[in-house]
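Analysis of the macromolecular model
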Amino acid sequence: ETVVSGAAEIPIDSGAHALSLLRMGVASRQTAATDMNDVSSRSHMIVLVTLKQQQPDGAATIVSNIRFVDLAGSECLAQTKAKGMRQEEGRHINQSLLALGKALKQFAAGKSKEEMKGMLRESKLTHLLSENFG
């Protein structure tokens, strides 16, 4: 199981409540200045919305999952001139984006989720999004 610090599962009861939670999530994203961007995103954000619909006769419940993903941009460390912790963050961002790109390429080539199992475990990002691959 993939553990993501700060992640929470929160039931919502209205559109306004959902928007307030999205705003809270956006506000909590890690950002920092680099030589290329004053407000560089240092994290990805994934919002999972689970919709449950009970059939009128009560016989079945339909469950749908929708993922909204906002990815941090890749970084050229030579251009950002990031050092220390910022440099490590940039490396992690680049590694997760590379893993996602490789997985998407394999999926587009017709590989099954089973064939991609190891690849989808290469990063927290691909592991969290693995349900979306087939």
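Quick note: structure is the one above.
What comes next is a walk through the structure. (Residues numbered from 1 in each chain as written. Predicted model: local features only at pLDDT ≥ 70, side-chain atom pairs only at ≥ 80, totals over all residues. Heavy atoms only, no water.)

**A word on the overall build of the chain**
Across its full length, the chain carries four helices and four strands. In sequence order, the secondary structure elements of the chain are arranged as α-β-β-β-β-α-α-α. The C-alpha atoms of the chain give a radius of gyration of 18 Å, which is well past the 14 Å a tight globule of 134 residues would have. Overall, the C-alpha framework of the chain stretches about 60 × 40 × 25 Å when taken along its three principal axes. Evaluated residue by residue, the chain yields a buried proportion of 22% over its 134 residues. Expressed as a percentage of contacts within the chain between residues at least 6 apart in sequence, the contacts between residues at least 24 apart total 41%. Per element, the accessible surface of the chain, about 9500 Å² overall, is 55% carbon and sulfur. Each charge class in the chain can be summarised by its mean position, and for the 16 positive and 14 negative side chains these summaries are 6 Å apart. (Helix = DSSP H or I, 4+ residues; strand = E, 2+ residues; numbered from the N terminus. Rg over C-alpha atoms; globule rule 2.2 N^0.38 Å. Buried < 20%, exposed > 50% of the residue type's maximum accessible area, 1.4 Å probe, protein only. Contact = heavy atoms within 4.5 Å. Areas by Shrake-Rupley, 256 points an atom, 1.4 Å probe, with all protein chains shown as cover. Lys, Arg positive; Asp, Glu negative; His and termini not counted. Charge placed at Lys NZ, Arg CZ, Asp CG, Glu CD.)

**Re a nonpolar patch on the surface**
Together, Ile-10, Ile-12 and Met-24 line one region of the surface with nonpolar side chains, adding up to about 280 Å² of accessible area. Checked against the element boundaries, Ile-10 lands in the segment before α1 (15–28). (Patch = residues over 30% accessible without salt bridge, like charges linked within 9 Å, V, L, I, M, F, W, Y side chains within 5 Å. Salt bridge = Lys/Arg side-chain N within 4 Å of Asp/Glu carboxyl O.)

**Looking at the nonpolar core**
Counting residues in hydrophobic clusters, the biggest one holds seven residues: Leu-100, Ala-103, Met-116, Leu-120, Leu-125, Leu-129 and Phe-133. If we ignore the near neighbours within four places in the chain, the residues touching Ala-103 are Met-116, Met-119, Leu-120, Thr-126 and Phe-133. (Core = buried A, V, L, I, M, F, W, Y, C linked by side-chain atoms within 4.5 Å.)

**Focus on the packing of aromatic side chains**
In this structure the tally under the stated criterion is one aromatic pair. A centroid spacing of 5.4 Å and a plane angle of 90° characterise the contact between Phe-107 and Phe-133, whose relative ring orientation is edge-to-face. Separated by 26 residues along the polypeptide, Phe-107 in helix α3 (residues 84–108) and Phe-133 in the segment after α4 (124–128) bring together distant segments of the chain. With relative accessibility at 3%, the residue Phe-133 sits in the buried group. (Phe/Tyr/Trp six-rings, centres within 6.5 Å; stacked < 30°, edge-to-face > 60°.)

**Describing the pattern of salt bridges**
All chains considered together, the criterion is met by four salt bridges. Here Arg-67 ties to Glu-131 by a salt bridge, and the two come within 3.4 Å at their closest N and O atoms. You can see Arg-67 sitting in strand β4 (residues 61–70) and its partner Glu-131 sitting in the segment after α4, a full 64 residues away along the chain. When its relative accessible area of 19% is taken as the criterion, Arg-67 is described as buried. Glu-88 is the partner of Arg-91 in a salt bridge, and the nearest nitrogen-oxygen pair spans 2.9 Å. Placement of the pair is Arg-91 and Glu-88 together in helix α3, with a separation of three residues, close to one helical turn. Glu-88 gets classed as partly exposed once you look at its relative accessible area, which sits at 38%.

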